[in-house]
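One letter stands for each residue in the lines below.
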Amino acid sequence: MSNNLVLVLNCGSSSLKFAVIDAQTGDDQISGLAECFGLEDSRIKWKINGEKHEAALGSFTAHREAVEYIVNKILAEQPELAAKIQAVGHRIVHGGEKFTRSVIIDESVIKGIEDCASLAPLHNPAHLIGIRAAIASFPKLPQVAVFDTAFHQSMPDRAYVYALPYKLYREHGIRRYGMHGTSHLFVSREAAKMLNKPIEETNVICAHLGNGASVTAIKGGKSVDTSMGLTPLEGLVMGTRCGDIDPSIIYHLVHQLGYTLEEVNNLMNKQSGLLGISELTNDCRGIEEGYADGHKGATLALEIFCYRLAKYIASYTVPLGRLDAVVFTGGIGENSDLIREKVLNMLEIFNFHVDSERNKAARFGKKGIITQDKGTIAMVIPTNEEWVIAEDSIKLINK
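Every chain's residues receive numbers from 1 upward, in the order its sequence appears when written. Given that this is a predicted model, residues contribute local features only at a pLDDT of at least 70 and side-chain atom pairs are listed and counted only at 80 or more, while totals for whole chains, interfaces and linings are drawn from all residues. Note that the side-chain values use all heavy atoms of the structure and ignore hydrogens as well as water.

Asker: Hey, could you run me through the state of the cysteines in this one?
Answerer: Cysteine pairs can be linked by a disulfide, which is a covalent bond between their two sulfur atoms. Criterion for a disulfide: a pair of cysteine sulfur atoms within 2.5 Å. This model, assessed by the stated rule, comprises zero disulfides. Cysteine 242 takes part in no disulfide bond, and the closest cysteine sulfur to it belongs to cysteine 284, at a distance of 18 Å. Sulfur of cysteine 306: no disulfide; nearest cysteine sulfur belongs to cysteine 284 and is 8.0 Å away.

Asker: How should the layout of surface pockets be read in this particular structure?
Answerer: Where empty space is left in the structure can be found by rolling a water-sized probe over the atoms. A cavity here means a set of 1 Å grid points, computed over protein atoms only, where a 1.4 Å probe fits but cannot escape. A pocket is an open set with protein on both sides within 12 Å along at least 5 of 7 lines, and lining residues have an atom within 4 Å of a point. Grid points are joined across faces, edges and corners, and a volume is the space filled by probe spheres set on the points. Roughly 1100 Å³ of volume is contained in the second largest pocket. Contributing to the lining of the second largest pocket are 33 residues, with Leu230, Thr231, Leu233, Ile250 and Met268 lying nearest its centre. Going through the elements one at a time, helix H8 (248-256) and helix H9 (261-270) are the ones with two or more residues in the lining of the second largest pocket. Secondary structure elements follow DSSP: runs of H or I of four or more residues count as helices, runs of E of two or more count as strands, with numbering from the N terminus. Of all the elements, H9 adds the most residues to the lining of the second largest pocket, at eight residues. Of the residues belonging to the lining of the second largest pocket, the class tally is 19 nonpolar, eight polar and six charged. In this classification, Asp, Glu, Lys and Arg are treated as charged, Ala, Val, Leu, Ile, Met, Phe, Trp, Tyr, Cys and Pro as nonpolar, and every other residue, Gly included, as polar.

Asker: How should I be thinking about the sheet that holds strand S2 (residues 15-22) in this particular structure?
Answerer: Any two strands between which DSSP finds at least two bridges are classified as paired. Strand order in this open sheet of eight strands is S5-S4-S3-S2-S1-S6-S8-S7, and the pairing throughout is mixed. The open sheet terminates on both sides in strands that have one partner only, identified here as strand S5 (51-56) and strand S7 (103-104). Relative to S5, strand S4 (residues 43-48) is paired through six bridges, and the arrangement is antiparallel. Within S5, the residue paired with arginine 43 across the bridge is alanine 56. Along the sheet face, helix H3 (residues 107-115) touches strand S6 (85-92), S7 and strand S8 (143-147) and points at about 30 degrees away from the line of S8. Throughout, a contact is declared for two residues whenever any of their heavy atoms are within 4.5 Å. A fitted line through C-alpha atoms serves as each axis, taken over the contacting stretch for helices, and the angle formed by two N-to-C directions is quoted from 0 to 180°. Against the sheet, helix H4 (residues 124-137) engages strand S1 (5-11), S6 and S8, with an angle of about 165 degrees to S6.

Asker: Can you walk me through the sheet that holds strand S14 (residues 377-380) in this structure?
Answerer: The pairing of strands in a sheet comes from backbone hydrogen bonds and takes either a parallel or an antiparallel form. The six strands are arranged S11-S10-S9-S12-S14-S13 in an open sheet whose pairing can be described as mixed. Each of the sheet's edge strands pairs with one partner strand only, and the pair in question is strand S11 (222-226) and strand S13 (368-369). Summarising the sheet, strand S12 (residues 325-329) and S14 pair through four bridges and their orientation is parallel. Its bridge partner lying in S14, valine 327 is registered against methionine 379. With respect to the sheet, helix H7 (residues 181-195) is in contact with strand S9 (203-209), strand S10 (213-219), S12, S13 and S14, its orientation differing from that of S9 by roughly 130 degrees.

Asker: Before we go on, may I ask you to explain the environment of isoleucine 30 in this structure?
Answerer: Inspection of the secondary structure assignment puts isoleucine 30 in strand S3 (residues 28-35). Throughout this description, buried means an accessible area under 20% of the type-specific maximum (1.4 Å probe, protein chains only), exposed means over 50%, and partly exposed covers the range between. What makes isoleucine 30 buried here is its relative accessible area of 1%. Residues isoleucine 30 and glutamate 51, spaced 21 residues apart in sequence, show a C-alpha to C-alpha distance of 9.7 Å. When sequence neighbours within four positions are dropped, the list of residues in contact with isoleucine 30 reads Phe18, Ala19, Val20, Lys47, Ile48, Ile74, Leu75, Gln78 and Leu81.

Asker: Got a minute to help me understand empty space enclosed by the protein in this structure?
Answerer: Overall, the coordinates contain one cavity of 30 Å³ or more when judged by the stated rule. One number sums up the size of the largest cavity: a volume of about 40 Å³. Surrounding the largest cavity, Val161, Tyr162, Leu164, Pro165, Tyr166, Leu168, Tyr169 and Ile174 form its lining.

Asker: I keep staring at the environment of serine 154 and nothing clicks. Help me out?
Answerer: The residue serine 154 is located in the loop between S8 and helix H5 (157-160) in this model. With 69 residues separating them along the chain, serine 154 and serine 223 place their C-alpha atoms 5.8 Å apart. Once residues within four sequence positions are removed from consideration, serine 154 is found in contact with Lys222 and Ser223. Within the local environment of serine 154, its side chain forms a polar contact with the backbone oxygen of serine 223, the two atoms lying 2.7 Å apart. Any pair of N or O atoms that falls within 3.5 Å is considered a polar contact. Within protein, one atom must be able to donate a hydrogen and the other to accept it, and sequence-neighbouring residues count only if both atoms are side-chain atoms.

Asker: I keep staring at unusual backbone geometry and nothing clicks. Help me out?
Answerer: With the exception of glycine, the majority of residues adopt a negative phi angle, and the majority of peptide bonds are in the trans configuration. Although it is not a glycine, asparagine 49 sits at a positive phi angle of roughly 50 degrees. Relative to the assigned elements, asparagine 49 resides in the loop between S4 and S5. Asparagine 49 sits in the exposed class, given a relative accessible area of 68%. Unusually for a residue other than glycine, asparagine 351 sits at a positive phi of about 70 degrees.

Have a look at this one:
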């Protein structure tokens, strides 16, 4: 059994994804999800060697209890596997400007993640709970933080500085940071392999589409622009987030319609996007079902989602100069042949020609080029953020 095993933890606000991964091959030895924390139906599901398991966790379960279950139940039944784990890798959404690469966690790193919590209030606090729980459960193992924002630290200032008084950036760090960096990094590397080009000579636009969604222009393997901003709210239409809006709408809601600032924040982050437009659901599968049934709200939500995405992709040809491929990834990007086809048809000016059979075949974990042999390339690549986290963890502890 490999000596490159890493336990990867990805803590959301009410869930925890976990996996034991071979950093060398990317193979999952164990993978699972604990979800619905704080609710009566809180559960944990996991898979070992293709065999699926599931258990109830109890209504008082949160991140610490979930980590303890992973250690005391799941890993305890796999002692040989558990003994080979070399590190615990943590996905961290926001590292600000302080963290430009992955780091081994100590008290100063924990403080830095705390300092960035206001920039990712749904994520960083949950990550910190997961880190403390993992330290308590694995006191002898090194803990590694891998930041979604780190990949975007290569952006030039013309891409990340907002047109606000410059002192807000200089004194308070208000700038574009971007997220999903670990996913964009992995997918761009895989795209270079599929194109049979060195990563240093590969220019792609990567669309990571899920309940959270972002687009990144990647030139020579480096991020040069991305759609998410200071927080994960800016950019594309998402499941419940509005993405780009006129900032004066906030003042109109507060001063004319009587909203509180907290209500506005909740509205933009949790009540907007696909859910807000459709008045139906934030789940893209439900949106597509509504679209097929002629539901007006779902149809409008789908059209706006695709239109906004197509506009971003078109604009990101500017920093690239030359486009080798557009890459779709994430839950929606990997599985929705309908959305991919709609977006690429809107980008007809860039000479995309969708191959319907290839497009339908590249779903449910399968990668592939989805355009015809003539014209510009578009492809689907399933993301694997956990593998990147495992790789970085092993590299750091072996230094």
